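# Fold and contact review
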Amino acid sequence: MTGHHHPWFGTNELPPPARLGAEELRQTFVHEMRGIGFNGAQVATRPLTVPPASAAELYAASARLLALLRKALLAAGPGRAERMAALAVDETLHPLFTDDRTEERHCACIARPDVLIGPDGPKFLEVNVGGAVGGAVHTHVLTRTWRRLHADSPHSGRLPFRSHSLFAERRRLFAAVCDKLGTERSVALLGTVRDLPGVHGTRYFDLEVDHLRRHGFAAEFFEPEDLHHGHGTDGRFRYPVGLRHFTITEWRQHAIDLAPVRRAVDAGCLFLAPQTAYLISNKKVLGWVSEGQPWMTGAERTFVRRYLPWTRVTGDRPVLWRGRRYGLGELLLRRRESFVLKKAVGMCGDGVLLGPSTGPAAWADAVERAVREKDSIAQEYIEPGRCATGLTDGTEAGTRSTTIAPAPRPVHHRRTARRLPRALLRLRRQRDRQHVRTRGTDQRPGQFLTSTSNRSRCGRRSRRRAPRREGKHSDICVLSAAGQGLGGVAGA
């Protein structure tokens, strides 16, 4: 599919911002994204578009998959010890558990699947549960920037898209948790600039702190060494809810002491997502669901076959692949070009080996180790679909059309244990033609947003006069998307 525009992404485009040259566009994004990790060497000349049906499919499938993964993990044992044993994980990587009821209630409250668009549509490569919080910062800024850029476009005073803030959805999650706990709306953001490439100040965190404060929350950012300032005179932590902008592995690499975090947890702070989320995120759980569990219905198995690549936990055992039985190691060696090896615990591509781009000797060594150690998954390789876009370095000579292979990443917030994971932003039916747009940064998240067609004239009129009006739209469907030097987002 290389070099071709996959139909899943649709064919329509919103117009570029009015009266904005290539260098002004690039400088706008460089300025707005300052201090949060952005490579502005190239930016998109226009956002990409995908039909709302594609976005709706992606959100419905990702919500259903997240529910299956949660169920699979909880069914692996009655408590945390049994679940960690089933996964054969290092218990020292999970030091921040709270009580079991709280863990199970909130373990899937924040999640972001990684998706490629294969020949027949979306394929879910993995699901990051709990640790996928940073993309919202970039997406918030990008959405805000595109709204401002398009506010001056000649559409009869009406924005060509409608957009909502990811910060707002996360804020609603915090509000729901605080209300459930019976506490005031107070949130602590916990992270460090030390594990954010290209970030040297606290603006990355301050943006959300400011958003929360503007909406009536008490909010504060803490570096781990400063957590003691969050304790009140009674010893309790002053913020009942926290957001984990870190993983245990990353902080151990930076030699960051986790004892202050443990003390904050013991003093009453519920950091989201709780520790069980990181067990769901273990890729072995994806393998369990792909292989099938006794409790799964026929409809669930059909769903999994459609949306998950064939995935198995590594080990010296037989497997069934495309109707034939193989030893897993034998299959991986014979069909190297058809598979990917991934460590069950890892992020940012660490421990991932692509069979099609790995030499036979290195692949054989990796397969032998993975089968012996039983600490990885083998997953069928998906050739990613591509879509058209435009890029510019700010010069006319450096402005060009190209194709990229985006990796849509739908972001989900789940507010209670009784509800299915809720897509960050919902879609509604409407008669207008609509699209979803994307923008990404160099190795940084971007987003897709639904938008109305340029030709749409019908609209829901506000009863109050406003300087700008928006047409009748579906609610935004926001996804983060791995980009290749793209530089802007629009949508609605």
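This text follows the structure it describes.
Chains are numbered independently. Their residues run from 1 in the order of the written sequence. The predicted origin of the model limits local features to residues at a pLDDT of at least 70 and limits the giving and counting of side-chain atom pairs to 80 or more, whereas totals for whole chains, interfaces and linings rest on all residues. With hydrogens and water stripped out, all remaining heavy atoms of the structure feed into the side-chain values.

### Notes on the packing of aromatic side chains
For Phe, Tyr and Trp, where Trp contributes only its six-membered ring, two rings pair if their centres lie within 6.5 Å, and the inter-plane angle classes them as stacked under 30 degrees, edge-to-face over 60, or tilted in between. Counted under the stated rule, the structure contains 13 aromatic pairs. A ring pair is formed by F246 and W251, whose centres lie 4.0 Å apart and whose planes are at 20 degrees; its orientation type is stacked. Accessibility here uses a 1.4 Å probe with only protein chains present; expressed as a share of the type maximum, an area under 20% marks a residue as buried, one over 50% as exposed, and anything in between as partly exposed. Classification of F246 by relative accessible area gives buried; the value is 3%. W251 gets classed as buried once you look at its relative accessible area, which sits at 0%. Centroid distance W321 to F339: 5.2 Å. Interplanar angle 50 degrees. Geometry classified as tilted. One end of the pair, W321, is in strand β11 (residues 318-321); the other, F339, is in strand β13 (residues 339-343), and 18 residues separate them in sequence. With respect to burial, W321 and F339 carry one shared label: buried. Among the aromatic residues, ring-to-ring pairing joins W310, W321, Y326 and F339 into one connected group. Numbered from the N terminus, helices here are DSSP runs of H or I no shorter than four residues, and strands are runs of E no shorter than two.

### What about the sheet that holds strand β17 (residues 400-404)?
Within a beta sheet, neighbouring strands are joined by backbone hydrogen bonds and run either parallel or antiparallel to one another. When DSSP finds two or more bridges between a pair of strands, those strands are recorded as paired. The three strands are arranged β1-β16-β17 in an open sheet whose pairing can be described as antiparallel. This sheet does not close on itself; its edge strands, each paired only once, are β1 (43-46) and β17. Ignoring strand direction, the axes of neighbouring strands in this sheet form an average angle of 55 degrees. Summarising the sheet, strand β16 (residues 387-392) and β17 pair through five bridges and their orientation is antiparallel. Across the sheet, the residue bridging to T389 is T402, located in β17. Two residues form a contact once any of their heavy atoms are found within 4.5 Å. For every element, the axis is a line fit to its C-alpha atoms; helices are fit only across the contacting stretch, and the angle between N-to-C directions ranges from 0 to 180 degrees. The sheet contacts of helix α1 (residues 22-32) involve β1 and β16, and relative to β1 the element is tilted by about 125 degrees.

### Regarding the sheet that holds β13
Spatially, the four strands line up as an open sheet ordered β10-β15-β13-β14, and their pairing is antiparallel. Looking at strand neighbours, the two that pair on one side only are β10 (311-313) and β14 (352-354), the edges of this open sheet. The average undirected angle you get between the axes of adjacent strands in this sheet is 20 degrees. Where β13 meets β14, three bridges bridge the pair, whose relative direction is antiparallel. Opposite V340, over in β14, you have L354 as the bridge partner.

### Looking at the packing of helix α2 (residues 52-75) against helix α11 (residues 283-291)
Between α2 and α11, whose axes approach to 9 Å, the crossing angle comes to 100 degrees. The orientation of α2 with respect to α11, classified from their angle, is roughly perpendicular. Taken together, the residues of α11 that come into contact with α2 (itself represented by L68, L69, A72 and L73) are V285, L286, W288 and V289. Classifying every residue of the contact of α2 with α11 gives eight nonpolar, no polar and no charged. For classification, angles of less than 35 degrees are called roughly parallel, those exceeding 145 degrees roughly antiparallel, those between 65 and 115 degrees roughly perpendicular, and all remaining angles oblique. In this classification, Asp, Glu, Lys and Arg are treated as charged, Ala, Val, Leu, Ile, Met, Phe, Trp, Tyr, Cys and Pro as nonpolar, and every other residue, Gly included, as polar.

### A look at the pairing of strand β4 (residues 121-129)
Along β4, nine of the nine residues are buried, which leaves the element largely enclosed by surrounding structure. With eight bridges connecting them, strand β3 (residues 110-118) and β4 associate as antiparallel partners. Following the sheet pairing, P113 is matched in β4 by V127. What sits between the antiparallel neighbours β3 and β4 is a turn of two residues.

### Some remarks on the packing of α2 against helix α12 (residues 298-307)
Put simply, α2 and α12 touch, their axes get as near as 11 Å, and they point 120 degrees apart. If you check the angle between α2 and α12, you find them oblique. Both α2 and α12 take part in a crossing whose hand is left-handed. In this structure, α2 contributes E57, A61, R64, L65 and L68 to the contact, and α12 contributes A299, E300, F303, V304, R306 and Y307. If you view the pair so one helix is near and one far, a crossing is left-handed when the near helix is turned anticlockwise from the far one by less than a right angle, and right-handed when it is turned clockwise.

### Considering the nonpolar core
Within this scheme, the nonpolar core is defined by two criteria: the residues are buried Ala, Val, Leu, Ile, Met, Phe, Trp, Tyr or Cys, and they are joined through side-chain atoms within 4.5 Å. Counting residues in each nonpolar core, the largest one holds 81 residues, and the members touching the most others are F29, L69, F124, F174 and L272. With nine residues, the single largest contributor to this core is α2. Aside from chain neighbours lying at most four places away, what touches F174 is V187, E208, L212, F217, V241, L243 and L272.

### A few points about helix α3 (residues 80-87)
Every buried residue of α3 is accounted for by R83, M84 and L87. The buried side chains of α3 occupy one side of the element, clustering within an arc of 95 degrees when seen end-on. Next to the buried residues of α3 lie α2, α4 (100-106), α10 (276-280) and α11. The arc in question is formed by the directions pointing from the helix axis toward the C-beta atoms.

### Here we look at the environment of E373
Within the secondary structure, E373 is located in helix α14 (residues 360-373). Separated by 59 residues in sequence, E373 and T314 place their C-alpha atoms 8.1 Å apart. Of the polar contacts made by the side chain of E373, one reaches the side chain of R372; its length is 3.2 Å. Pairing of N or O atoms within 3.5 Å defines a polar contact, subject to two protein rules: one partner must be a possible hydrogen donor and the other a possible acceptor, and residues neighboring in sequence count only if both atoms are side-chain atoms.

### Notes on unusual backbone geometry
For residues other than glycine, phi is negative in most cases, and the peptide bonds are mostly trans. Following L272, the chain continues to A273 via a peptide bond in cis, the omega torsion being -5 degrees. Secondary-structure assignment places A273 in the loop between β9 (270-272) and α10. With a phi angle near 55 degrees, A88 is a residue other than glycine that sits in the positive phi range. Relative to the helices and strands, A88 resides in the loop between α3 and α4. Phi is positive for R322, close to 55 degrees, though the residue is something other than glycine. Within the element layout of this structure, R322 appears in the loop between β11 and β12 (324-327).

### Quick notes on the pattern of salt bridges
A pairing counts as a salt bridge when a side-chain nitrogen of Lys or Arg comes within 4 Å of a carboxyl oxygen of Asp or Glu. Counted under the stated rule, the structure contains 22 salt bridges. Close ionic contact of R185 with D179 constitutes a salt bridge, the shortest N to O distance being 2.8 Å. Salt bridges sharing common partners tie together E32, R144 and R148.

### A few points about the environment of H6
Mapped onto the secondary structure, H6 falls in the segment before α1. With 114 residues separating them in the primary sequence, H6 and D120 have C-alpha atoms 9.8 Å apart.

Note that all results are geometric; they support no functional claim without further evidence.
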